[in-house]
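An overview of the molecular structure
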Amino acid sequence: MLIMPTTVLYAASNPKTVNLPLFSGKVSAGFPSPADDYVEKTLDLNELLVQKPAATFFVRAQGESMRGAGIHPNDILVVDRSLEPVPGRIVICALNGELVVKRLKRRGGQWLLGSENPAYRDIILLEELEIVIWGVVTNVIHPL
Amino acid sequence: MGRGDQRDSPAVMSPQRLIALVDCNNFYVSCERVFRPDLIGKPVAVLSNNDGCVVARSAEVKKLGIKMGVPLFQIQQLVNQHQIKLFSSNYALYADISMRVMVTLEEFAPNLEVYSIDEGFLDLTGVYPCVKDPIAYGQLIRKTVVRTTGIPVCVGLGPTKTLAKLANFAAKKWPQTGGVLDLSDPVRREKLMRIVPVGEVWGIGPRTAAKLNQLGIHTVGDLASQSGKRIQAQFNVVVARTVMELNGTPCLALEEIAPDKQQIVCSRSFSRRLTEYAELSQAMAEFCSRAAEKLRKQDSVTGCITIFIRTSPFNPDEPQYQRAASSKLNAATQDTRSLIATANQMLKELYRPGYNYQKCGVQLSHIQPEITPGQMDVFDLMVDGLSTENRHLMKAIDRINRRFPSAVSIAATGFDKSWKPKAERISQRYTTDWGELAGVKCL
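Residues numbered from 1 in each chain as written. Chains lettered and ligands numbered in written order. Predicted model: local features only at pLDDT ≥ 70, side-chain atom pairs only at ≥ 80, totals over all residues. Heavy atoms only, no water.

Note on strand geometry: in a regular strand, side chains alternate between the two faces of the sheet. Residue and element names in this part refer to chain B. Strand E7 (residues 153–158) sits mainly inside the fold: 6 of its 6 residues count as buried. Pairing geometry for strand E1 (residues 19–24) and E7, over 6 bridges, is antiparallel. Paired with Ala20 across the strands is Leu157, a residue of E7. Summarising the sheet, E7 and strand E8 (residues 180–182) pair through 3 bridges and their orientation is parallel. Its bridge partner lying in E8, Val155 is registered against Val180. (Buried < 20%, exposed > 50% of the residue type's maximum accessible area, 1.4 Å probe, protein only. Helix = DSSP H or I, 4+ residues; strand = E, 2+ residues; numbered from the N terminus. Pairing = 2+ DSSP bridges.)

Pasting the structure below:
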């Protein structure tokens, strides 16, 4: 990768000491804004999408099989690793060494991984759930 | 276990101190595996800067007898034979995962000391669920960290930091411990100390260990049974303190705020040999910039700068040359430009044509906290008429570079960065770059 510095600073040829003010206050004149009392904060999407930052990872979806769940190719998935994987949730699992998105199901005492596409059959989980589940998908970020 | 006797006794006014050391297993390798489940159970190693030496090994690689720090070229055959997966160091990834581990640990105790990128001390004294069953609490920490971050850890428990460290060493070494070991019980402690070599104790370096061995002190138990006075006389107060800590007397407090670094070093091997003064000077300027950035990040100034240049010690056929020089600064500074100017003056003295230079670097020492802005004008100008300090300018550059990496640099660092270290096997910056997220398949 080629990194080109976009700005180059040269040493000053004729330096002079410039004393900058440490603070500058705004002198108020006239009426204060009536909205001042209502200023709180701006909305932060992290607040909406991320419950537990230390456990939250973003991954990118590849493929079509989860369209039924609203997951399109190239969408960004918000994954929380600390959530309990319960039946019905969309999960990321490590299957045959690959990270895969599936819907977790429970049928007849068995854990199943299903796609949102009739062309795919459910996969019966033979290993322990803890080993296979990588995290629980909480949100999809899908550009329109 | 006898440990309970003392703690449960109502006569004891304060609960016995309990420190946990939580240490990530093969941290860099584990980070690589979080997004590559295909590598679990396979031999994986991470290489140092410039892909030179092994700095992290999976259990499978350790089993092959590959030692920490060996140069890659010495193990190339083993790498091919066992298909060891190699990675360049991906510090962006490791730093991000480390932060996640530490944040997760903070939930378990009121006090956490981040000891290194992959280790943290927790003060569990009086933490209620832990007092009842420290081992179960340790297991809960393990389970939570691996689930939250994907990183497996071991937990060592004991009444002092040194014992917690020792417990962690044993928990890692013996899988029967289930990754958690408590050395609060003196009987259990003694048993373990009898079989662990003294060199494994925290704070006992190879040189001290060799000297201890000469005195007939071979195991941790041997050291623990020494009189503190004798050890202090023959070694120093640090080793004497270690003896006390091994016997359960706390001498080291938890440091929740990392102390400022007393030395900042920035050096790299080049991807190709450099021969020209101009090239070396640019590389040196870059290292000065990095070091100065670190210095400003901890709000310090430096009073002494050391530089070194050298040829490759691995090519004994080539003419060898290595030199270092130090310069005490007239006024302590944190200004990149002053550091570069001083480094350049020294480099002019050290540089000899006709050699293939393989590495150079800069070290800052005599580091002190920066003084308040009002005192700054006292120093005013250096000999060459350059202002020694322009704190506002430097802080502005740091702010810009944090948002747009490498956007602003001092002209002396040059444009040609072809000497930059190799990182040919680096993995994606999965957690710090939107363009490099892990892909998950919709099968």
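Counted according to the given criterion, the structure contains 18 aromatic pairs over all chains. When the ring of Phe57 of chain A is compared with that of Phe35 of chain B, the centres are 5.7 Å apart and the planes differ by 70°; the resulting orientation is edge-to-face. With one member in each of two chains, Phe57 of chain A in strand E2 (residues 56–62) and Phe35 of chain B in the loop between helix H2 (27–34) and strand E2 (44–47) form a pair that bridges those chains. The burial state of Phe57 of chain A is the same as that of Phe35 of chain B; both residues are buried. An angle of 55° between the planes, with centres 5.6 Å apart, marks the rings of Trp134 of chain A and Phe35 of chain B as tilted. Placement of the pair is Trp134 of chain A in strand E8 (residues 133–141) and Phe35 of chain B in the loop between H2 and E2, with the two residues belonging to separate chains. Given the relative accessible area of 7%, Trp134 of chain A is considered buried. Every member of this aromatic cluster is reached through a ring pair, and the members are Tyr277, Tyr321, Tyr351, Tyr355 and Tyr357 of chain B. (Phe/Tyr/Trp six-rings, centres within 6.5 Å; stacked < 30°, edge-to-face > 60°.)

All names here are of chain B. Strand order across the open sheet formed by 4 strands is E9-E12-E10-E11, with antiparallel pairing between neighbours. Since the sheet does not close on itself, it has two edges, and those belong to strand E9 (264–274) and strand E11 (322–333), each with one partner. With direction set aside, neighbouring strand axes in the sheet form an average angle of 15°. (Axes fitted to C-alpha atoms, helices over the stretch in contact; angles between N-to-C directions.)

On to the confidence of the model for chain A. A residue-level look at chain A finds 72% of positions with pLDDT of 70 or above and a mean pLDDT of 80. Confidence drops under a pLDDT of 50 for residues 1–27 of chain A, and excluding neighbours within four residues, the segment shows 31 contacts in the predicted structure. (pLDDT = per-residue confidence, 0-100. Contact = heavy atoms within 4.5 Å.)

Quick look at the confidence of the model for chain B now. Residues and elements named next belong to chain B. The pLDDT averaged across chain B works out to 87; a share of 91% of its residues lies at or above 70. Element-level mean pLDDT values for chain B span from 42 in helix H1 (residues 3–8) up to 98 in E7. When the criterion is pLDDT under 50, residues 1–13 qualifies, and its contacts beyond four places in sequence or with other chains add up to 13 contacts. Within the model, pLDDT remains below 50 along residues 372–385, and this stretch shows 20 contacts once partners closer than five positions in the same chain are excluded.

With respect to the helices and strands, Lys102 of chain A occurs in strand E5 (residues 98–107). Asp122 of chain A provides the closest opposite charge to the buried, salt-bridge-free Lys102 of chain A, at an N-O distance of 7.3 Å. Polar side-chain contacts of Lys102 of chain A include one of 2.8 Å to the side chain of Ser115 of chain A. In this structure, Lys102 of chain A is in contact with Met66, Arg89, Ile90, Val91, Cys93, Leu113, Gly114, Ser115 and Ile123 of chain A together with Leu443 of chain B, ignoring residues within four places of it in sequence. (Lys, Arg positive; Asp, Glu negative; His and termini not counted. Salt bridge = Lys/Arg side-chain N within 4 Å of Asp/Glu carboxyl O. Polar contact = N/O pair within 3.5 Å; in protein donor to acceptor, adjacent residues only side chain to side chain.)

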